[in-house]
Amino acid sequence: MVLKAFFPTCCASADSGLLVGRWVPEQTSAVVLAVVHFPFIPIQVKELLARVQQASQVGVAVLGTWCHRRQDAEESLGHFLEGLGAIFSHEPWLQLCRERGSKFWSCKATRRQAPTCPGAPGEDQVMLVFYDQRKVLLSQLHPPVALPDHQAGDAVAGAGGLAAVFDTVARSEELFRSDRFDEGPVRLSHWQSEGVEASILAELAKRASGPICLLLGGLLSLVSAASACRVFQLWPLSFIWSKLSTCEQLRHRLEQLTFVFSTQKAENPTQLMRKANVLVSVFLDVALGLALLSWLHGKDRIGHLAEALVPVADHVAEELQHLLQWLMGAPAGLKMNRALDQVLGRFFLYHLHLWISYIHLMSPFIERILWHVGLSACLGLTVALSILSDIIALLTFHIYCFYVYGARLYCLKICGLSSLWRLFRGKKWNVLRQRVDSCSYDLDQLFIGTLLFTILLFLLPTTALYYLVFTLLRLLVVAVQGLIHVLVDLVNSLPLYSLGLRLCRPYRLAAGVKFRVLEHEADRPLRLLMQINPLPFSHVTRTYRLPSRGRHPTHSWGSLCRKLFFGELIYPWRQKGDKRD
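Residues numbered from 1 in each chain as written. Predicted model: local features only at pLDDT ≥ 70, side-chain atom pairs only at ≥ 80, totals over all residues. Heavy atoms only, no water.

### Remarks on the overall build of the protein
Stage number 1. Per the secondary structure count, the protein includes 17 helices and 14 strands.
Stage number 2. Of all intrachain contacts in the protein linking residues separated by at least 6 positions in sequence, the fraction that spans at least 24 positions is 71%. (Helix = DSSP H or I, 4+ residues; strand = E, 2+ residues; numbered from the N terminus. Contact = heavy atoms within 4.5 Å.)

### A short note on the packing of helix α6 (residues 235-243) against helix α7 (residues 245-260)
Stage number 1. The contact between α6 and α7 brings their axes to 5 Å, and the two run at 80°. Here α6 lies roughly perpendicular to α7, going by the angle between them. Facing α6, whose interface residues are Ile240, Trp241, Ser242 and Lys243, α7 presents Ser245, Cys247, Glu248 and Arg251.
Stage number 2. In terms of residue class, the contact of α6 with α7 is built from three nonpolar, two polar and three charged. (Axes fitted to C-alpha atoms, helices over the stretch in contact; angles between N-to-C directions. Parallel < 35°, antiparallel > 145°, perpendicular 65-115°, else oblique. Nonpolar A, V, L, I, M, F, W, Y, C, P; charged D, E, K, R; others polar.)

### Some remarks on the UniProt feature "transmembrane region" (unreviewed entry) in the protein
Stage number 1. Look at the UniProt record and you will see "transmembrane region" (unreviewed entry) annotated at residues 278-296, 369-396, 445-469 and 475-499.
Stage number 2. Segment residues 278-296 splits into 100% helix and 0% strand. End C-alpha atoms: 27 Å apart.
Stage number 3. Taken end to end, residues 445-469 comprises 100% helix and 0% strand; its first and last C-alpha atoms sit 35 Å apart. (UniProt positions renumbered as here; feature names shortened; annotations may be inferred.)

### Description of the pattern of salt bridges
Stage number 1. Using the criterion set out here, one finds five salt bridges in the structure.
Stage number 2. In this structure, aspartate 285 engages arginine 253 in a salt bridge whose closest nitrogen and oxygen atoms are separated by 2.4 Å. Of this pair, aspartate 285 sits in helix α8 (residues 269-297) while arginine 253 sits in helix α7; the two residues are 32 residues apart in sequence, bridging distant segments of the chain.
Stage number 3. Aspartate 285 gets classed as buried once you look at its relative accessible area, which sits at 0%.
Stage number 4. A relative accessible area of 8% places arginine 253 in the buried class.
Stage number 5. Salt bridges here are not isolated pairs; linked through shared partners, they connect Arg562, Lys563 and Glu568. (Salt bridge = Lys/Arg side-chain N within 4 Å of Asp/Glu carboxyl O. Buried < 20%, exposed > 50% of the residue type's maximum accessible area, 1.4 Å probe, protein only.)

### A word on the packing of aromatic side chains
Stage number 1. The final tally for this structure, using the stated rule, is 14 aromatic pairs.
Stage number 2. Between phenylalanine 348 and tyrosine 405 the ring centres are 6.5 Å apart and the planes differ by 25°, which places this aromatic pair in the stacked class. With phenylalanine 348 in helix α10 (residues 338-362) and tyrosine 405 in helix α13 (residues 397-424), this pair connects stretches of sequence that are 57 residues apart.
Stage number 3. The class for phenylalanine 348 is buried, based on a relative accessible area of 2%.
Stage number 4. Owing to a relative accessible area of 31%, tyrosine 405 belongs among the partly exposed residues under this scheme.
Stage number 5. When the centroid spacing of 5.3 Å and the interplanar angle of 35° are considered together, the rings of tryptophan 355 and tyrosine 358 count as tilted. Pair noted here: tryptophan 355 and tyrosine 358 are both in helix α10, with a separation of three residues, about one helical turn.
Stage number 6. Owing to a relative accessible area of 11%, tryptophan 355 belongs among the buried residues under this scheme.
Stage number 7. On the accessibility criterion, tyrosine 358 (41% relative accessible area) is partly exposed.
Stage number 8. These aromatic residues form a ring-pair network of at least three members: Phe347, Phe348, Phe402, Tyr405, Tyr466 and Phe470. (Phe/Tyr/Trp six-rings, centres within 6.5 Å; stacked < 30°, edge-to-face > 60°.)

### Digging into the pairing of strand β1 (residues 2-8)
Stage number 1. With five of seven residues buried, β1 is to be regarded as a mostly interior element.
Stage number 2. Across three bridges, β1 lies against strand β3 (residues 29-37) in parallel orientation. Within β3, the position partnered with lysine 4 by the bridge is serine 29. (Pairing = 2+ DSSP bridges.)

### A look at the side chain of threonine 462
Stage number 1. Position of threonine 462 relative to the elements: it lies in helix α14 (residues 443-493).
Stage number 2. Once you skip the residues sitting within four places of it in the chain, threonine 462 turns out to touch Met336, Asn337, Leu340 and Asp341.

### Focus on a nonpolar patch on the surface
Stage number 1. A surface patch of nonpolar side chains, about 500 Å² in accessible area, is lined by Phe447, Ile448, Leu451, Leu452 and Ile455.
Stage number 2. Mapped onto the elements of the fold, isoleucine 448 is located in helix α14.
Stage number 3. With a relative accessible area of 49%, isoleucine 448 lands in the partly exposed category. (Patch = residues over 30% accessible without salt bridge, like charges linked within 9 Å, V, L, I, M, F, W, Y side chains within 5 Å. Areas by Shrake-Rupley, 256 points an atom, 1.4 Å probe, with all protein chains shown as cover.)

### Focus on α7
Residues three or four positions apart in an α-helix share a direction because the helix packs 3.6 residues into each turn.
Stage number 1. The first and last C-alpha atoms of α7 sit 23 Å apart over 16 residues, in line with the 22 Å expected at 1.5 Å per residue.
Stage number 2. Along α7, the residues that are buried comprise Ser245, Thr246, Cys247, Glu248, Gln249, His252, Arg253, Leu254, Gln256, Phe259 and Val260. (Expected span 1.5 Å × (residues − 1).)

### Structural notes on the confidence of the model for the protein
Stage number 1. Summary statistics for the protein give a mean pLDDT of 80 and a share of 85% for residues scoring 70 or more.
Stage number 2. For the protein, per-element mean pLDDT is lowest for strand β9 (residues 155-157), which scores 41, and highest for helix α15 (residues 496-504), which scores 92.
Stage number 3. pLDDT under 50 marks residues 572-581. Its contacts with residues more than four places away, or in other chains, come to 29 contacts. (pLDDT = per-residue confidence, 0-100.)

### Digging into unusual backbone geometry
Stage number 1. Phi is positive for threonine 28, close to 50°, though the residue is something other than glycine.
Stage number 2. Following the sequence through the fold, threonine 28 ends up in the loop between β2 (17-24) and β3.
Stage number 3. The class of threonine 28 is buried, set by a relative accessible area of 18%.
Stage number 4. Even without glycine at this site, glutamine 57 takes up a positive phi of about 55°.
Stage number 5. One can find glutamine 57 in the loop between α1 (42-56) and β4 (60-68).
Stage number 6. Exposure remark for glutamine 57: the relative accessible area of 58% places this residue in the exposed category.

Structural data, given as structure tokens:
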């Protein structure tokens, strides 16, 4: 039987002593965590292991002995170490020895009990696997993914067999809190034996995080209670809250801050990573917003924008006026119904005149409005972009009205033509059963249906042309707003902390491991080096992507084209349940 012994590289130069770790019978593996050095008292070692086992819920035990022969005088130490198996009984008993002045190692695993099979040997073959204890402790093993081709000589290990190794090292942190400066009765060698890693800033942040989270959590709960007041559920305010992108972004930001500053401790590493991603996303958003705020208030750029806004609105209105006059004539040489063409053109021109009057009425207040909008950028770049989307929606409200008028009129004629076409074929639409049934019509009904069908058919090209033009303008506005919403969702949902961790410390996010052969000679134990395979960037993004506001396109291209053809109103940047005409 082949036994796998996982040995930390930090203990390769340690003095002789006892091997402390965990035995995993399912994988026939021994995970060495530390080396206990002389002098020691066996009862104190057992008390230390019991304390670690109670704190970490890991079956830590003495697995065997470690002999590092540095001088000739230490040759007799190996015989003394072999006798320790009677005090610390463990099956199998490991005996690792590093030869003096040589790179060769000797590994044995002996069993005191008689083998169950008659022909089974009393000594197991040992395969020695070296691992970086610090990286394994700090890393988080993820489910296996498709990785690129590995170099020759590397073998990929399954994540199922490695989960026990990673879990053992991660849960045995209590064993690594002692170093050579401690005056305890037991002296250990592990990855922190030369000094426990610590940071004054990190300790101060841990001390201050509790009161800060408690204070901010209380303030955020008050804001949430105020936003849930019944006054905001009344019709005008509820309508505004449902239509404005700024209100949705503020609600999403409130949920993010409530999650980050909650006093509940993270239950698992995934939830802790999500909190870190949300915190970094909020900090970056606010930093970009402050940069935008300083740019807007520098060199009086807000005044320049306010002065340029009214001429731009006038220019857009003038271009729309030219477009309507072109449609009222003979656009592209098409023969239009002159009476309907003049009625629709004058109707849209009147609405355009009302819109120009509204813009000139608001022109004295535009600079002050833009100043307050720029000031709101201190809440984050996403809030500023949401306000920009709402401003675009308000400035293009006349285009939206034109689109709704044209779509309703076009949809009415399409529905009328389809219903009259069924009348010609002697059928009708059964509303109760939601199907087409046969029906008999008299002569008067057929005559009136033919007359109405002819009228609607000859008026359809004029209506369809107006609908086509204003639908294209509406889609242009929707595309601009959609691009803004994509940028907002990108800032809200991108796991920046995880991506930065993958870039700077790739071993923290492990997709698996690979083994590199260090020594493979006859009559010598096989020695391998375990290296961590980092998680690909695409998988990091998919795994730790944060939830967004849910304003994504919900219609496929086929569904969108069908709605456009039949004149149905489109809301491609709202969820299906949030449609409002």
